[in-house]
Amino acid sequence: MFLSNLKEHLDTYRKKDPASRSYLEIIFCYPGLHAFLFFKISNFFWKINLKLIARIFSNISRFLTGIEIHPAVKIGKNLFIDHGMGIVIGETTIIGSNVSIYQGVTLGGTKSVKKKRHPTIADNVIIGAGAKVLGPITVGKSSKIGANSVVTKNVPSNTTVIGIPARVIDNTSGDGAGI
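Rules of the game
- Residues numbered from 1 in each chain as written.
- Predicted model: local features only at pLDDT ≥ 70, side-chain atom pairs only at ≥ 80, totals over all residues.
- Heavy atoms only, no water.
- Pairing = 2+ DSSP bridges.
- Helix = DSSP H or I, 4+ residues; strand = E, 2+ residues; numbered from the N terminus.
- Expected span 1.5 Å × (residues − 1).
- Buried < 20%, exposed > 50% of the residue type's maximum accessible area, 1.4 Å probe, protein only.
- Arc of directions from axis to C-beta.
- Contact = heavy atoms within 4.5 Å.
- Axes fitted to C-alpha atoms, helices over the stretch in contact; angles between N-to-C directions.
- Parallel < 35°, antiparallel > 145°, perpendicular 65-115°, else oblique.
- Phe/Tyr/Trp six-rings, centres within 6.5 Å; stacked < 30°, edge-to-face > 60°.
- Lys NZ or Arg CZ within 6 Å of the ring centre and 35° of its normal.

Novice: Pulling in residues and values, what's your account of the sheet that holds strand 4 (residues 88–89)?
Specialist: Hydrogen bonds between backbone atoms are what pair the strands of a sheet, whose relative direction is either parallel or antiparallel. The 5 strands lie next to each other as 1-4-7-10-13, forming an open sheet whose pairing is parallel. Of all the strands in the sheet, just strand 1 (68–69) and strand 13 (150–151) have a single pairing partner and so form its edges. Here strand 10 (residues 132–134) runs beside strand 13; their pairing, made up of 2 bridges, is parallel. Of the residues in strand 13, the one forming a bridge with lysine 132 is valine 150.

What follows is the structure in structure tokens.
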């Protein structure tokens with residue numbers, strides 16, 4: 001099971017990164033893949049209630065890759081992390097399938113409370129370099145967050161947002177909703 005999922009993950013990197021030349025290059029040279037593999041280990045320990053061991057693996061991953069993913073995060077299939085340095089993904093974040101995240105992104109909280117405080121990212125979302133998606137908000141399916149944007153309100157599906165604070169520049173969902 002894990003090996004078939006790994007092959008699917010490698011295929012995602014081959015498809016989404018035109019600079020990738022081979023599976024071996026991805027396996028040895030892509031910190032986004034390394035961070036994800038460390039996450040799978042730390043998440044396993046988190047789920048069996050060995051939380052200290054989970055956090056240790058998470059911190060080793062951060063040290064080696066520059067990417068911080070809390071062990072309690074929920075991640076769907078085929079997460080693509082490109083040039084991952086500086087990415088922070090907080091504890092109660094939920095990430096759907098086929099999501100792309102670029103360097104310097106923060107999926108963070110806005111309050112120090114013991115409840116859902118980080119974003120939910122739906123399937124097929126692209127989050128540009130340096131973007132900050134903050135709080136217990138939802139980014140809808142197939143949406144795009146522009147580079148360096150700060151998002152603190154829900155983003156409807158099929159919507160592109162940019163800026164500080166983020167504002168809608170394209171909404172193809174037809175619902176006319178904005179943030």
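Novice: Now, about the sheet that holds strand 6 (residues 100–102): what can you tell me, with residues and values included?
Specialist: The strand order 3-6-9-12-14-15 describes an open sheet built from 6 strands, whose pairing is mixed. Edge positions in the sheet fall to strand 3 (80–82) and strand 15 (167–171), since each has one partner strand and no second.

Novice: Can you break down helix 4 (residues 51–65) residue by residue, with the values?
Specialist: Counted at 1.5 Å a residue, the expected span for helix 4 with its 15 residues is 21 Å, and the 21 Å between its end C-alpha atoms agrees. Here helix 4 has its buried residues at Ala54, Ser58, Ser61 and Thr65. Buried residues along helix 4 cover an arc of 60 degrees about the axis, so they all sit on one side. Along helix 4, exposed side chains directed more than 90 degrees from the buried face belong to Leu52, Phe63 and Leu64. Structurally, helix 4 contributes buried residues whose contacts are with helix 3 (31–47) and strand 1. Taken from the residues just after helix 4, glycine 66 is the one with a positive phi, measuring 80 degrees.

Novice: Residues and numbers for the packing of helix 3 against helix 4, please.
Specialist: Where helix 3 meets helix 4, the closest approach of the two axes is 7 Å, and the angle between their N-to-C directions is 170 degrees. In this view, helix 3 runs roughly antiparallel relative to helix 4, as classed from their interaxial angle. Contacts between helix 3 and helix 4 involve Pro31, His34, Ala35, Phe38, Ile41, Ser42, Phe45 and Trp46 from the former and Lys51, Ile53, Ala54, Arg55, Phe57, Ser58, Ile60, Ser61, Leu64 and Thr65 from the latter.

Novice: Please give an account of the pairing of strand 14 (residues 159–162) that cites residues and values.
Specialist: Sheet topology note: the strand 12 (residues 144–145)/strand 14 ladder contains 2 bridges and is parallel. Looking at strand 14, one finds that lysine 144 is bridged to threonine 160. As paired elements, strand 14 and strand 15 share 4 bridges and run antiparallel to each other. Across the sheet, residue threonine 159 finds its bridge partner in strand 15, namely asparagine 171. Linking strand 14 to strand 15, which pair antiparallel, is a turn of 4 residues; within it glycine 163 sits at a positive phi near 100 degrees.

Novice: Hey, could you go over the packing of aromatic side chains for me, with residue numbers and the actual values?
Specialist: Per the stated rule, a full pass over the model turns up 6 aromatic pairs. Geometrically, the ring pair formed by tyrosine 13 and tyrosine 30 is edge-to-face, given 5.7 Å between the ring centres and 85 degrees between the ring planes. Of this pair, tyrosine 13 sits in helix 1 (residues 2–16) while tyrosine 30 sits in the loop between helix 2 (23–29) and helix 3, and the two are 17 residues apart along the sequence. Across the pair, exposure class does not vary: tyrosine 13 and tyrosine 30 are buried alike. Between phenylalanine 36 and phenylalanine 39, the aromatic rings sit 6.3 Å apart at their centres with planes inclined by 35 degrees, giving tilted as the arrangement. Of this pair, phenylalanine 36 and phenylalanine 39 are both found in helix 3, 3 residues apart, which corresponds to roughly one turn of the helix. Here the two residues phenylalanine 36 and phenylalanine 39 agree in accessibility, since each one is buried. Following the ring pairs from residue to residue traces out a cluster consisting of Tyr13, Tyr30, Phe80 and Tyr102. The positively charged end of lysine 51 is found above the aromatic ring belonging to tryptophan 46, 4.2 Å away from the centroid.

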